[in-house]
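Residue-level listing of the chains:
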Amino acid sequence: MFGLGTPKFRGVDKKTVRDDEHAADYNSAPAIGRVRFGSLCFYYRDLGVKYYVPYDYIERAFIRISETQPDDSPPIYYYRLILVHGEKEFANLIFNKEKEADDALARLSECAPDMAIGYVPPPGGKKPIFR
């Protein structure tokens, strides 16, 4: 049933792995929010699916701040850790607290020293359309 056995992880190539090596790495990895920093890969959960990403696959990462303005209430801010490969944003990881997002980005830059940090506008200045 649910939660028993070895967890299944989906990779950036859409293939899944279910082995003891990734499971042990995931379980022993330090976590910040819903992301984990393993010795093999970077792990995150999104919509109930566990993903793994090799550190060398992440070319760039940055934090995007989103604001929601409810009626008659102060704005709510969400902090998104965006991961980029090949000038395409492939992960959008939401944090409720700015410190958690900053800590996750700092830890990710330690684990992936060749990764660039910061937003780079797309050619032509237009924001990409997500589908």
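That block above? That's the structure.
Presented here is a report on the structure given in the accompanying data block. (Residues numbered from 1 in each chain as written. Predicted model: local features only at pLDDT ≥ 70, side-chain atom pairs only at ≥ 80, totals over all residues. Heavy atoms only, no water.)

A separate point is the pairing of strand 9 (residues 88-95). Where strand 8 (residues 76-85) meets strand 9, seven bridges bridge the pair, whose relative direction is antiparallel. When the sheet's bridge partners are listed, L83 is paired in strand 9 with A91. Between the antiparallel neighbours strand 8 and strand 9 lie two residues, among them G86 with a positive phi of about 60°. (Pairing = 2+ DSSP bridges. Helix = DSSP H or I, 4+ residues; strand = E, 2+ residues; numbered from the N terminus.)

Core analysis: the largest hydrophobic core is formed by 22 residues, its most contacted members being V35, F42, L83, L93, F95 and L108. Elements that contribute at least two residues to this core include exactly strand 4 (35-37), strand 5 (42-46), strand 6 (49-53), strand 8, strand 9 and helix 2 (98-111). Per-element tally for this core: the top contributor is helix 2, with four residues. Excluding residues within four positions of it along the chain, V35 makes contact with P30, F42, Y43, Y44, L93, F95 and A104. Counting residues in each nonpolar core, the second largest holds six residues, with V17, Y26, Y43 and Y52 among its members. (Core = buried A, V, L, I, M, F, W, Y, C linked by side-chain atoms within 4.5 Å. Buried < 20%, exposed > 50% of the residue type's maximum accessible area, 1.4 Å probe, protein only. Contact = heavy atoms within 4.5 Å.)

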